[in-house]
Amino acid sequence: MNTVKFNDLVRGHYGRRVARVNVDHIDESNILKVLAKTIGVFNSNKPVVKYLWEYYKGDQPVLYRQKVVRDDVNNPVVLNHAWEIVRYKNGQTYGEPVQLVSMTDEKKITDAVDEFNKYLQKAGKHVQDITSGAWTSAVGTGYKCARLVHKDDIPARINVPTPMNCYIVYNESTDEPLMSVQELFDIDDKRYFQCFTPTHEFRIQDSKLLSFGVNKETGVEMFSRLHVFGGIPIVEYPNNSERISDIELVISVLDAINDLEANRCDAVGQFVASWIKFVNCEVDPETFNKMKMMGALVVKSNNGSDNKADVDVISQELKQGETQVLKDDLWGDVERIVSIPSKQGNTGGDTAGAVELRNGHDSAKAAARLKDPYIVAGEERLMKVILNLLHVEKGR
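Residues numbered from 1 in each chain as written. Predicted model: local features only at pLDDT ≥ 70, side-chain atom pairs only at ≥ 80, totals over all residues. Heavy atoms only, no water.

Undergrad: Whenever I open this one, the nonpolar core confuses me. Can you help?
TA: Formed by 29 residues in total, the largest nonpolar core has its most connected members in I85, I247, L254 and V334. Those elements that provide at least two residues to this core are α1 (6–10), α2 (31–56), α3 (81–94), α5 (125–139), α6 (251–272) and α8 (320–338). Tallying contributions element by element places α2 first for this core, with 7 residues. Dropping the residues within four chain positions of it, I85 is found in contact with D246, V250, L254, W331, V334, V338 and I340. Membership of the second largest hydrophobic core comes to 26 residues, among which are A19, Y143, C195 and I204. (Core = buried A, V, L, I, M, F, W, Y, C linked by side-chain atoms within 4.5 Å. Buried < 20%, exposed > 50% of the residue type's maximum accessible area, 1.4 Å probe, protein only. Helix = DSSP H or I, 4+ residues; strand = E, 2+ residues; numbered from the N terminus. Contact = heavy atoms within 4.5 Å.)

Below is the structure:
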């Protein structure tokens, strides 16, 4: 449950940490050291990723707020703008299926590219793109993974591991991916790590390499095995260079909007359920409850003309108009920061270009163009793996 504010969790460290090591190659001789050095990065990212993902789905701190004054009137209202932001950003990137294009006019190549696009459509890649894109926008990074399923029509598939159970290890100097690491659990619920380098697969449990059996030709026990992917099968799709999520950029403002709306609802509830003030008179609880049922109060003044008895309602109504101005101002700040268009209508006399500039469509397009290179880089790596799997399956 997201009972605390996001900054209390990250303490000013925004963006997801990246696992980097100063080695050029990972094999049996150093993989345990590499995993030991980088697992801390994964463990520190994991609770933050979980927080942001649950926040995106509606589990937000306002639901757990506690009031000291008038705690009997408490309306925790979530205006889930986080969902709105992620949905827009994801739709902007993956609203249409990603299509591969040929960089030459040679018919043989263009026909092959068209055939590959049809295969990816048949394999349901668009659905996996949308799923991965939601993770990328909501938590700052996402992943896609190629798998070989040995089916005649669709032998290579794409699935989406979550950032809560996998990460990529990069070279500290070149920033090239060296290894993928995925946290898994066996049938006995014991944790192990499945690791892929560009050429080999490893499995690690309790800081030890697990055996893949004995090599029939050499009689030597194997603690790694060659794979057929032709590269690292898990590919990362960061939201930006710092892996800051779209929610994270404005999460304090979103919390403020939730608090404001909850207080508005409380103000209405407190106005309706106002306290009763008795002046110079005493009414026992039983009599008061009877009078509430009757809808009227009768009191007598026994203190003379100078101290007359009176009954009044204590109420102070919140000025909803001024509150709405503040709410609109906060949401306008969110729109500008995350570059999503305003829903403000055309007041007349504006050209199409003027409307695009005023309502933020041009800014949204510019932000999308900055994200495109990360998508392209990830797709190039993933498509190489998919093509290699298809070649392997065809050669069987």
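Undergrad: In this structure, what is going on with the sheet that holds strand β10 (residues 234–238)? I would like to understand it.
TA: The pairing of strands in a sheet happens through backbone hydrogen bonds and is either parallel or antiparallel. Read from one edge of the open sheet, 3 strands run β3-β2-β10, paired in antiparallel fashion. In this open sheet, the two edge strands, each paired with only one partner strand, are β3 (156–159) and β10. Neighbour-to-neighbour, the strand axes of this sheet turn through a mean angle of 20 degrees, independent of strand direction. Judged from the 5 bridges that link them, strand β2 (residues 141–148) and β10 form a sheet pairing that is antiparallel. Bridging across to β10, C145 finds its partner in I234. (Pairing = 2+ DSSP bridges. Axes fitted to C-alpha atoms, helices over the stretch in contact; angles between N-to-C directions.)

Undergrad: Help me out: how do you make sense of unusual backbone geometry in this one?
TA: Outside of glycine, negative phi angles account for most residues, and trans bonds account for most peptide bonds. Positive phi outside glycine occurs at R11, with the angle close to 50 degrees. Inspection of the secondary structure assignment puts R11 in the loop between α1 and β1 (19–21). We note that R243 has phi near 55 degrees; this positive angle belongs to a residue other than glycine.

Undergrad: Explanation requested: the side chain of N90 in the structure shown.
TA: Looking at where N90 falls in the secondary structure, it is placed in helix α3. Look past the residues within four positions of N90 in its chain and what remains in contact with it is G95, D129, I130, G133 and A134.

Undergrad: What is the right way to read the packing of α2 against α5 from this model?
TA: The angle between the axes and the distance between the axes are what describe a pair of packed helices. With their axes 9 Å apart at the nearest point, α2 and α5 run at an angle of 110 degrees to one another. In terms of orientation, α2 and α5 fall into the roughly perpendicular class. Contact residues: α2 offers V49, L52, W53 and Y56, while α5 offers A134, W135, A138 and V139. Here the residues of the contact of α2 with α5 are counted per class, giving 8 nonpolar, no polar and no charged. (Parallel < 35°, antiparallel > 145°, perpendicular 65-115°, else oblique. Nonpolar A, V, L, I, M, F, W, Y, C, P; charged D, E, K, R; others polar.)

Undergrad: Could you clarify how one ought to interpret the pairing of β3 in this entry?
TA: The side chains of a regular strand alternate between the sheet's two faces. Only one face of β3 is covered, namely the face carrying A156 and I158; the face carrying R157 and N159 is uncovered. When β2 meets β3, the two strands line up antiparallel, connected through 4 bridges. Paired with A146 across the bridge in β3 is I158.

Undergrad: Hey, could you run me through the state of the cysteines in this one?
TA: Cysteine pairs can be linked by a disulfide, which is a covalent bond between their two sulfur atoms. Scanning the entire structure with this criterion turns up 0 disulfides. In this model C145 remains outside any disulfide bridge; the closest cysteine sulfur is found in C166, 8.1 Å from its own. (Disulfide = S-S within 2.5 Å.)

Undergrad: Hey, could you run me through α5 in this one?
TA: Residue pairs spaced three or four apart in an α-helix point in one direction, given the helix's 3.6 residues per turn. Compared with the 21 Å implied by 1.5 Å per residue over 15 residues, the 21 Å span of α5 between its first and last C-alpha is a close match. For α5, the full list of buried residues reads K125, D129, S132, G133, A134, W135, T136, S137, A138 and V139. Trailing α5 by a residue or two, G140 shows a phi angle of about 105 degrees, which is positive. (Expected span 1.5 Å × (residues − 1).)

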